[in-house]
Amino acid sequence: MTHDDSTPTLTVRLFAGAAAEYGADVATVQGASVREALTDLLRGAAPDAARVIDRSSILVNAVACTDRDQELRDGDRLDVLPPFAGG
């Protein structure tokens, strides 16, 4: 994906297993949609990170998002919450 000045820049916060597999708990990415932002996040990431992030719940500005085509704006924040067990 080619980025230009009009492509939104976003902060991604990764939690628990997603952060462990990705190797960081915060990243800055670009993308006009959730799908594009996750693609940018995973560019060059290990296959295990991609697997965990693909199964994770995504929040956009603290609101659950199931639509990977949801449009994003500059400054939006994505949270990546991997599946977890316990109680």
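Residues numbered from 1 in each chain as written. Predicted model: local features only at pLDDT ≥ 70, side-chain atom pairs only at ≥ 80, totals over all residues. Heavy atoms only, no water.

A few words on the pattern of salt bridges. Summed over the entire model, instances satisfying the criterion amount to five salt bridges. A salt bridge links R35 to D69; its shortest N-O distance comes to 3.0 Å. Residue R35 is located in helix α2 (residues 34-42), and its partner D69 is located in the loop between β4 (63-65) and β5 (77-81); the two are separated by 34 residues in the primary sequence. With a relative accessible area of 44%, R35 lands in the partly exposed category. Given a relative accessible area of 47%, D69 falls into the partly exposed group. Ionic pairing is found between D40 and R43, a salt bridge with its closest N-O pair at 2.6 Å. By relative accessible area, D40 is classed as buried at 16%. Taken together, the shared-partner salt bridges in this structure form one network comprising R13, R77 and D79. (Salt bridge = Lys/Arg side-chain N within 4 Å of Asp/Glu carboxyl O. Helix = DSSP H or I, 4+ residues; strand = E, 2+ residues; numbered from the N terminus. Buried < 20%, exposed > 50% of the residue type's maximum accessible area, 1.4 Å probe, protein only.)

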